[in-house]
Amino acid sequence: MKKVFALLLILSLVFLSGCGHEHTWQEATCTQPRTCTDCGETEGEALGHSPTEATVWEPSVCSVCGEVMGEKLAPAFERHNIEVMDIADVPTEFFDGAPTQNPETRYLYMEPLLMFYTGNNSRKAGVPGYLCLMDYSIIESDENHEALEGYEWRIANFKVIFPDMSSGYQLAISDEDYYDIEGHDDSAQGSHYTVTWQGESYDGCVRIINFSSEPDYTVPVTGGFASNLIFLSKGVTVAFRVPVGYDGSVVCFRNSMYSFEPGQYIYDVMTPDDIFIRLT
Ligand SMILES: [Zn+2]
Ligand SMILES: [Zn+2]
């Protein structure tokens, strides 16, 4: 009889400890509801993650637990499917093939290697322009380009020619940021601007875009038929002081008749005739 009683007592103790103990609560987390560490009983629901906004440099992560929630953003020019030419691929000569006559116009021209259209203030038609790269260099500094610790100069010289010398062209040359279009600093505060590169902000950047103002009728094409043509040619120099390694400067050769309204970006106003060259 005593034995049975003892057994009952043990059973009832076990029973009591199963349902009536004081829970030791671990507070809810992103993935777990409030949970008793002793018996595993739960209360309420998991809190869910608090994802940050992804950038080109950082994926979205949970700001509470740090779990990676997604991918980094693709660079802005990729997201908007804007065709960009690497500066290494820009032709260093103007023409390729035999001269031809465009039936639509009065121009003779040769097979262009790189051609774009600018605006025309006297006619509806655009004015063709041809472009080639004279040289490109990345330097720390020279007599015209001041050094700054942590920065480098990326300098490109282009030549553009216009066979339509009499109609007047409206060429716009500007720059964009390959990684971030909306955040690109194009504010008109002199030639200084800020670049965000790998999540860091650099306010020591300098941009210089020089367009020779005097018409130049020297023929930048050598040899054969082309050397007998007279073109209006212009030198264009772009120089950017940017963080060392920054490969996001994009030079745009555009028809200036498509101008920006407030709140518009390059993807709103670009045309298929524009040329975008990335200084990689
Ligand atoms: Zn418990
Ligand atoms: Zn979380």
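Residues numbered from 1 in each chain as written. Chains lettered and ligands numbered in written order. Predicted model: local features only at pLDDT ≥ 70, side-chain atom pairs only at ≥ 80, totals over all residues.

Colleague: Can you lay out the overall build of the protein for me, pointing to particular residues and giving the numbers?
Modeller: In terms of regular secondary structure, the protein is built from 3 helices and 15 strands. Here the protein holds 280 residues, and 23% of them are scored as buried. For the protein, contacts bridging at least 24 residues in sequence account for 54% of all contacts bridging at least 6. (Helix = DSSP H or I, 4+ residues; strand = E, 2+ residues; numbered from the N terminus. Buried ≥ 20, exposed ≤ 12 C-beta atoms within 10 Å, placed from the backbone. Contact = placed C-beta atoms within 7 Å.)

Colleague: Which residues make up unusual backbone geometry, and what values do they have?
Modeller: Of note, the phi angle at N81 is positive, near 55°, even though the residue is not glycine. Here N81 is to be found in the loop between α2 (76-79) and β4 (85-86). Positive phi, close to 50°, is recorded for Q198, a residue that is not glycine. With respect to the secondary-structure elements, Q198 resides in the loop between β11 (192-197) and β12 (200-211). On the basis of neighbour count, Q198 is assigned to the partly exposed category, with 13 C-beta atoms found within 10 Å.

Colleague: Provide a residue-level description of the sheet that holds strand β14 (residues 249-255), including the pertinent values.
Modeller: Strand order in the open sheet formed by 10 strands is β4-β15-β14-β10-β7-β8-β9-β13-β12-β11, with mixed pairing between adjacent strands. Each edge of the open sheet is held by one strand with a lone partner, namely β4 and β11. Here strand β7 (residues 115-120) runs beside strand β10 (residues 169-177); their pairing, made up of 2 bridges, is antiparallel. When the bridges of β10 are listed, G119 appears paired with Q170. (Pairing = 2+ DSSP bridges.)

Colleague: Can you explain the sheet that holds strand β3 (residues 42-43)? Please cite residues and give values.
Modeller: Taken in spatial order, the 3 strands make up an open sheet running β1-β2-β3, and their pairing is antiparallel. Because the sheet does not close on itself, it has two edges, and the strands there are β1 (25-26) and β3. Note that strand β2 (residues 34-36) and β3 share 2 bridges and pair antiparallel. Paired with T35 across the strands is T42, a residue of β3.

Colleague: Break down the pairing of β12 for me, with residues and values.
Modeller: Pairing between β11 and β12: 5 bridges, direction antiparallel. In the sheet register, W197 faces β12, and the bridge partner there is E200.

Colleague: A description of the pairing of strand β9 (residues 151-162) should follow, citing residues and the corresponding values.
Modeller: Side chains on a regular strand alternate between the two faces of the sheet. Within β9, 10 of the 12 residues are buried, which leaves the element mostly enclosed by the surrounding structure. The pairing of strand β8 (residues 127-139) with β9 spans 9 bridges and is antiparallel. Residue pairing for β9: Y130 is matched across the bridge by I161. As paired strands, β9 and strand β13 (residues 232-243) are joined by 12 bridges and run antiparallel to one another. Its bridge partner being in β13, N157 is matched across the sheet by T237.

Colleague: Got a sec to walk through the environment of V90? Specific residues and values, please.
Modeller: Turning to its location among the elements, V90 is positioned in the loop between β4 and β5 (95-101). Overall, V90 belongs to the partly exposed group, with 19 C-beta atoms counted inside 10 Å. For the pair formed by V90 and L131, sequence separation is 41 residues and the distance between their alpha carbons is 8.6 Å. Each residue touching V90, except ones within four places of it in the same chain, is listed here: M85, L114, L133 and I277.

Colleague: Before we move on, could you go through the confidence of the model for the protein and cite the residues and values that matter?
Modeller: Residues of the protein with pLDDT of at least 70 account for 80%, and the chain-wide mean is 84. The low-confidence segment residues 11-18, where pLDDT is below 50, has 0 contacts with residues more than four positions distant or belonging to other chains. (pLDDT = per-residue confidence, 0-100.)

Colleague: How would you explain the environment of A172 if you had to name every residue and give the values?
Modeller: Mapped onto the elements of the fold, A172 is located in strand β10. Owing to 18 C-beta atoms within 10 Å, A172 belongs among the partly exposed residues under this scheme. In contact with A172, other than residues within four places in its own chain, are R254, N255 and S256.

Colleague: With reference to specific residues and values, describe the environment of S60.
Modeller: The topology assignment puts S60 in the loop between β3 and α2. Considering only alpha carbons, one finds S60 and G70, 10 residues apart in sequence, at a separation of 5.4 Å. With sequence-adjacent residues up to four places away left out, S60 is seen in contact with P51, T52, E53, A54, M69 and G70.

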